[in-house]
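# Per-entry structural report
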Amino acid sequence: MILINYIAAFALIALGFYCMAVKKNLIKICIGMGIADYGANLLIVSVGFHDGGTAPIFTIGELTRASFFVDPVPQALTLTSIVIGACTTAMTLSLIIRLKEKYGTLNSDEIRRLRG
Amino acid sequence: MNRKKISSLVLAASLAVILICGAASAVQMALGAPTYDGSGTDVTALYEHPESYDNSAADGVAAVMVNENMEKTAAKNVVYSVVFNYRGYDTLGESFILIGAIAGTMAILRREKRAPKQVVDYAGRGFGETAAQAKTDPPVVSAGAAPEGGRYRRRPLIMRCGCDFLLPLAAVYGWYIVLHGAISPGGGFQGGVLAAGTVLLVYLAYGLTGVRRVFHGGFLHASETLAEILYVFIALMGIFEGVNFCFNFVLSGTEETAMLMNDAVGYHVMAGICCLLILMLEALNTDRAEEQQTE
Amino acid sequence: MMEMIYGQIGGAVAHFPIFAVISLFLGAFLTALVGKRRALLRRGIVFVSSLVSLVLVILMIPPVMSEGWIITYWMGGWEPVGQWAIGIGLEADALSLFFALIVTAAVFTAALYSFPYMAQDSQPENYYTLYLMLAGSLLGLVLSGDLFNIFVMIEIMTMTAVALTAFRVDYDGALEGAIKYMIVGSIGSSAVLVGIAILYSQLHTLNLAQLALRLPEANSPATAAAFAFLFVGFGSKAFLFPFHPLAADAHAVAPASISMIISGVITKCGVYGIIRLCYVLWQNMSLPAVSTAVTLIGAVSCFICVTMAFNQHNFKRLLAFHSISQIGYVIAAVGLGSFFGLEAGLFHAMNHTIFKGLLFLAAGAVQHAAGTLDLDRLGGLARKMPRTFLLFLIGAAAISGLPPFNGFASKWMIYQSVFEKAEESGNPVFILVLVLCLLSSVLTLASFVKVTQSVFFGPCRPEYAELRDVSAAMRVPMWILATLCVITGLFPGAVRNILLAPAAAAAGNPAAYIDAVFGVGTAAGAHIPEAAKASETLIGCWEPLSWLWLLLTVTCAVCFVMVLGGRPFGRTVQADDAEERRQASEKLFAGLPDPKYESFFSGEKAEFSHVGGSDLFWGFKYSLRRYFSYMRRWHSGNVNDYTRYGIAALAFMLAFAVLCL
C-alpha cells in the first residue's frame, strides 16, 4: 500500500525534473519546480504512515483501545517544506514577471544573454 | 541535430536511473520497519496516565515524542507539539524564509522612480541595447490611490456578492484554525494561509482597486516584521529564565504551552502572504490594462 | 594532539552560538522595520549585528579549538532521552567553528564594503535585510547539528542569495542570472530533501550525531541512495562540476559584495556539508571508490573552469570561473581522505575566501569607478586607481600561488597531500589529479596576467581621463583582506596549529562528535574507531620570509632591467628636431633583431596601441579553438541545458552510490 506512495513520489520528482529540462516556457519550468517539490513532500509525509494508524491527536472521544498513531515528525517536516516551496514559487514568479517586462518573451531559448 | 539527440538520450537515461534507484529505495523503505510503530502504544492509557509511561523501548524519536508529549507539553495535537515545542527552531527558520521571500519580492518588483546613476552594460555582445537606451519605466501608482482617469470595469454581481458573503467566513475560519491548533488539526501556518486568502477574494471581486482600498501593504509588512521580532523575543525570553533558547516557559505545563508562538506565527504568516499577494498583484497591474481596453 | 573534552561546557559560552545566529537575524528584522529613512541607523544596525556575531565566534575559539570542548546546545532544553535525540541540537565543534569564523569575517568585511558601494541603490533596507538573513542562515547552517535544520538554512540561503543576485534589476542579465540560479539550485534543494526523507525512514532520527552513530550498521542501497542525493545537493550549493555555469552567471551580475559572499561563503557551506557527509556521517572517505570519485570531481571542475576563464570578456565572470576552479582544489584535497589532505583543503578554503573576496571587491571598485566590466573596454587604470591596483595585485598574486601570499602556502600543502596519497595508494587517478591541479595553477597565473594587463596596464583610455580612485571607505575592507592574505601567507605554521589542526581533527573524529551528545563511551560501544591523528611535516623549503626576500630581489632585478632598458644604454642624444631624433633612435636600436620589439623597451612610442584583454593569448586560443568552441557551446546559457547537466549528475551519483557502496 505504502509502496505506491513512494513510487508515485519518485515518479513526480522525475516528472518535475523532466518538465524543468525540456519545457521552454519559463512558467512551465516553474511548474516543474513545484511538481518536484510536491513529490519530495509526498515522499516525506508517506514515510511516516503506518497502516491502520490514526492522526496523532488525542481526541479522546474517538480513540479506541486499539487505535495507534502515525508518525508526527514527518508531518511537521512536510509543513515546513510546503511553506518553503510556496516561498520559492513566489520568488520565481516575481522574477518571471520582471523578466517578461525586460526581455518581452518567456522562452528560455531567447533568455540567453549570459553564455559562453 | 546530433547534439540534441545525445542530450535527449542522456536526459532519458538520467531520469530512468533516478526512477530505478528511487524504486529500489522505495521497495527497501516499504519493507523495513515503519518509522514509528505505534501499535504497541495504548494511546487512551497514554492520555489518561501520561506520567506512568516509559519509553525505554523506543524505536525512534517519534516514539519518545508521542510518549512524553502529554506529560511535558499537555497539547493534544502531537504534530502541533512537534512543530512548536520539540522542533521550534525549525519553525523559527521557516518564518524567516517568509520574511526573506517578501523582502526579495519587494526588491525584485520595485520600480525605479528615477534613472539609475550608472547604467552598466554587460560586454556589449549580442545585445542591441546600449547604455543610452535605458528603459523608462511606467509611472508608479502608489498603494491606496485609485488609478488616474477612467474607470475600472466592475466585476459581475455574483462575484461581488460571493466575496461579501465569504470574506468574513474566510477570516474567521482561518483564525479558528490558528487558535485551535493545540486541540485539533491546524496551527499557525495553516490558519495564517487561510486567513490570507481574503486578499484573493477581494481581488477576484473588486480588482486591484479594491485590494488597494482594503489592504495597506506597507502596514502589513511593518506589522509582520514586528510580529517576527516578537517571536524571536519570546524565544529568547527563556534564556533569561535559565533555560535554553526556544523554550516555551510562559505557559509551561498547561495546554496552551506554545500558544504565544503559535499566534505570533499565525499573524506573521497571514500578514506575510497578504503582503506577497499584494506585491505581485501590484506588479501585474491588471486594472490598468483593463482601463486601456475600455477607453 | 589535543584531547577532546567531554561534558557540558558551562556558563555563558554555551549560549554564544545561538546568540551569534540570532543577532544577525534580529539585525535583519530591525533593519526591515526602522531602516527605511535614516541611512545612519540602518548602517549602524548592520554594523553592530555583524560585529557582535564576529566577536562571539572569536570568543568561542579558545574553548573549542584550543581546549577541545564541543559546545552542545539543545533548543528548548529538549535533551536526548535514552539514546534518542528528540530536540534540535546546535553542535559547535572545531570544524563548525572554523567555517563559522570564515562566515562571520567575510560577512563583516562585505558589510563594510556595501556601505559606500550600495549608496546609490534604491530600497537599501531590503538589501540589508536580505544580506543579514543570508549571513544568519549561513552561520546557522555551519553551527547546526540537525539535518533538517541544515535544510531549512540552505533554503533561506538560496532564496536570499537569489534575491540579492537580482537586486540591481536594471543591470543587464541580473534577472536572468538569478532565475537560472533559482531553477537549477532547486534541483539541489529537492535532492537534499529526498535524502533526508530516505535517511529518516531508515534510521528514525534527524540528529547528525545520532545518524553518525547508527549509519555504519545500517548500510543498504537506500542509505547509499540517500548519500548520493545529499552529496549532489551539497555539491550544487558548492557549484561543483556540472553546476558551475550557474556560478558564472550569478557572480557576474550580482553586486560585488554579494559576489564575495556567494563565492566565498556559500560555496564553503557546500564544502562543509560534503565534509560532514563523508567524514562524520558516513565515514566513508577512506573507501577508495568514494575518495577517487570526490577527488576526480574536484580536479575536473578545477580544470574545466580555469580553461573556460580564457574565453571571458567580463571581469567578474572571469573571476567567477576562477572561484569555482579554486573550490575544485578544495574538494580535491578534501576528497583524499587523509588528515593532511583535509588540513590542506580547509586552509585553501579559508584562503580562497580571503583572496577571492579581495578580487571581487576590487572588481566592484573598478565597476563603481569606471562604469563597465568589459575587459575590452577597460584599460590603463593603474595610474588613476593606484591603491585599488595594488590591492588587486595582492589578490592576483595570492590566487596564482606566488609566495609569500597565502595561496602559495595552501597550494603547496595540496600538492604535497595529493602526491603523498598517490604514492601511498598507487591509484593512477591521483596522478591525473595532480597533473590537472598543476596545470590549473599555471593557467590561473596566465589568466590573471591577462586580466591585470587588460584592466590596469597600458595607456589610459581617453574616456577614463577623469577617473578617480574609489573612496577610502571602500578601500578599508579591501585592506583588511589584503593584510589577512599576507599574514596567513607569512605564518602558515601558526594558522595550522591554531585553526587547521583542531578543525581537521574534529572532522576526522566522529567518535568525539557522538560522545559530546550522548555521553562518553557511546561511540566506542558502537565500534566507531577513533580517528588516526597523524601530524605531517611539510616537505620542501617552508621559510616564508626567505621567499619574501627572494621575491623582493627578483622584483628589483626586473625593475632594474626595465628601467635600464628604457634608456639608450647610458648614451644621451641631443637632438633638436623630430627628424634628427628619429634618426638617432634608429641608430640606437640598430643592434636589436626586430623593430617590433621597440615598444617593449623604450616605453610608449608615438602611436597608440592597445592590446585588448581577450587578445593577449590569442595564439593559444587559436590553437585550441575547437576545444574552446565546444566548451562555449556547452555553456549555452539555456536554463534547460543547465538543468539537464544537474539531472545527469544526480543520476550518475545515484548509480555510483548504489552500485559501489
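Scoring rules and cut-offs
- Residues numbered from 1 in each chain as written.
- Chains lettered and ligands numbered in written order.
- Predicted model: local features only at pLDDT ≥ 70, side-chain atom pairs only at ≥ 80, totals over all residues.
- Helix = DSSP H or I, 4+ residues; strand = E, 2+ residues; numbered from the N terminus.
- Buried ≥ 20, exposed ≤ 12 C-beta atoms within 10 Å, placed from the backbone.
- Contact = placed C-beta atoms within 7 Å.
- Nonpolar A, V, L, I, M, F, W, Y, C, P; charged D, E, K, R; others polar.
- Axes fitted to C-alpha atoms, helices over the stretch in contact; angles between N-to-C directions.
- Parallel < 35°, antiparallel > 145°, perpendicular 65-115°, else oblique.
- Left-handed = near helix turned anticlockwise from the far one by under 90°.
- Core = buried A, V, L, I, M, F, W, Y, C linked by C-beta atoms within 7 Å.
- Domains from an automatic or database assignment.
- Pairing = 2+ DSSP bridges.
- pLDDT = per-residue confidence, 0-100.
- Expected span 1.5 Å × (residues − 1).

## Overview of the overall build of chain C
For chain C, the count of helices and strands is 26 helices and 2 strands. Here chain C, with 661 residues, has 62% of them falling under the buried criterion.

## Details of the overall build of chain B
Helix and strand content of chain B: 10 helices and 0 strands. For chain B, with 295 residues in total, the buried portion stands at 43%. Here the contacts in chain B between residues at least 6 apart in sequence split such that 71% fall between residues at least 24 apart.

## Considerations on the interface of chain B and chain C
Note on interface size: it is often stated as the accessible area lost on association of the parts. In this assembly, 66 residues from chain B lie in contact with 71 residues from chain C. Mapped onto the side of chain B that touches chain C, the elements with two or more residues apiece are α1 (2-31), α3 (61-72), α4 (78-86), α5 (88-108) and α8 (217-240) of chain B. The element that contributes the greatest number of residues to the side of chain B that touches chain C is α5(B), accounting for 14 residues. A per-class count over the side of chain B that touches chain C returns 38 nonpolar, 18 polar and 10 charged.

## Section: the interface of chain C and chain A
Taken together, the contact pairs 38 residues of chain C with 34 residues of chain A. Of all elements in the fold, only α5 (147-165), α6 (174-203), α9 (244-253) and α26 (639-660) of chain C reach the threshold of two or more residues within the side of chain C that touches chain A. Ranked by residues supplied to the side of chain C that touches chain A, first place goes to α6(C) with 15 residues. Here the residues of the side of chain C that touches chain A sort into 20 nonpolar, 12 polar and 6 charged.

## Looking at the packing of helix α2 (residues 39-66) of chain C against helix α3 (residues 94-117) of chain C
Residue and element names in this part refer to chain C. Contact geometry for α2 and α3: axes closest at 9 Å, N-to-C directions at 155°. One way to sum up the angle between α2 and α3 is to call them roughly antiparallel. As α2 packs across α3, the resulting crossing turns out to be left-handed. Note on element contacts: α3 touches α2 through Ala 94, Leu 97, Ala 100, Leu 101, Thr 104, Ala 105, Val 107, Phe 108, Ala 111 and Phe 115, opposite Arg 43, Val 46, Phe 47, Ser 50, Leu 51, Ser 53, Leu 54, Val 57, Met 60, Ile 61, Val 64 and Met 65.

## Some words on the packing of α5(B) against α5(C)
The N-to-C vectors of α5(B) and α5(C) enclose an angle of 10°; their axes lie 9 Å apart at closest approach. Between α5(B) and α5(C), the crossing angle belongs to the class labelled roughly parallel. Counting all contacts with α5(B), which are made through Tyr89(B), Asp90(B), Gly93(B), Glu94(B), Phe96(B), Ile97(B), Gly100(B), Ala101(B), Ala103(B), Gly104(B), Ala107(B) and Ile108(B), the residues of α5(C) involved are Phe148(C), Asn149(C), Val152(C), Met153(C), Glu155(C), Ile156(C), Met159(C), Thr160(C), Val162(C) and Ala163(C). Split into classes, the residues belonging to the contact of α5(B) with α5(C) amount to 14 nonpolar, 5 polar and 3 charged.

## A word on the environment of Phe58(A)
Mapping Phe58(A) onto the fold places it in the loop between α2 (26-47) and α3 (72-103). Look at Phe58(A) and you get buried, because 23 C-beta atoms sit within 10 Å. As a C-alpha pair, Phe58(A) and Ala14(A) span 44 residues in sequence and 38 Å in three-dimensional space. Leave out the neighbours within four places in its chain, and Phe58(A) touches Val43(B), Tyr47(B), Met70(B) and Lys76(B).

## Some points on the nonpolar core
If you look at the biggest cluster of nonpolar residues, it comprises 375 residues, and the most contacted ones within it are Cys274(B), Ala163(C), Ala225(C), Leu358(C), Cys437(C) and Leu654(C). No fewer than three residues from each of domain 1 (43-72) and domain 2 (85-107 + 142-294) of chain B sit in this core. With residues near it in sequence (within four places) discarded, Leu358(C) still touches Leu391(C), Ile394(C), Gly395(C), Met478(C), Leu481(C), Ala482(C) and Cys485(C).

## Notes on the pairing of strand β1 (residues 71-74) of chain C
Residues and elements named next belong to chain C. Taking every second residue as pointing to the same face, both faces of β1 are buried, with Ile 71 and Tyr 73 on one and Thr 72 and Trp 74 on the other. With 4 bridges joining them, β1 and strand β2 (residues 89-92) adopt antiparallel strand pairing. Looking across to β2, one finds that Tyr 73 is bridged to Leu 90.

## Some points on unusual backbone geometry
All names here are of chain C. Phi at Gln 123 takes a positive value of approximately 50°, unusual for a residue other than glycine. Position of Gln 123 relative to the elements: it lies in the loop between α3 and α4 (124-143). In this structure, Phe 239 takes a positive phi of about 55° despite not being glycine. For Phe 239, a count of 31 C-beta atoms within 10 Å puts it in the buried group.

## Thoughts on α9(C)
Residues and elements named next belong to chain C. A large share of α9 lies buried, amounting to 10 of its 10 residues. His 244, Pro 245, Leu 246, Ala 247, Ala 248, Asp 249, Ala 250, His 251, Ala 252 and Val 253 are the residues of α9 that are buried. Looking at the buried side of α9, the elements it contacts are α5, α6, α10 (256-281), α11 (288-308), α12 (315-334) and α26.

## What to know about the confidence of the model for chain B
Residue and element names in this part refer to chain B. Here chain B averages 78 in pLDDT, and 75% of its residues register 70 or above. Across chain B, the element-wise mean pLDDT spans from 59 in helix α10 (residues 286-294) up to 93 in helix α6 (residues 157-179). Predicted confidence is poor over residues 116-150, with pLDDT under 50, and the contacts of this stretch with residues over four places away or in other chains come to 48 contacts.

## Brief notes about α5(B)
Here α5(B) contains 21 residues, and its C-alpha end-to-end distance of 30 Å stays within 8% of the 30 Å for a straight helix at 1.5 Å per residue. In terms of residue burial, α5(B) counts as a mostly covered element, since 21 of its 21 residues are buried.

## Things to note about the environment of Asn262(B)
Residue and element names in this part refer to chain B. Within the secondary structure layout, Asn 262 lies in helix α9 (residues 259-284). Expressed as a C-alpha distance, the spacing of Asn 262 and Gly 188, which sit 74 residues apart in the sequence, is 5.1 Å. Setting aside its immediate chain neighbours within four residues, Asn 262 contacts Phe 84, Val 178, Gly 181, Gly 187 and Gly 188.

## Considering the environment of Ala58(B)
With respect to the helices and strands, Ala58(B) occurs in the loop between α2 (43-48) and α3. The class of Ala58(B) is buried, set by 21 C-beta atoms lying within 10 Å. Sequence separation of Ala58(B) and Ile108(B) is 50 residues, and the distance between their C-alpha atoms is 49 Å. Ignoring sequence-local partners within four residues, the contact set of Ala58(B) consists of Ala63(B), Val64(B), Gly82(C) and Trp84(C).

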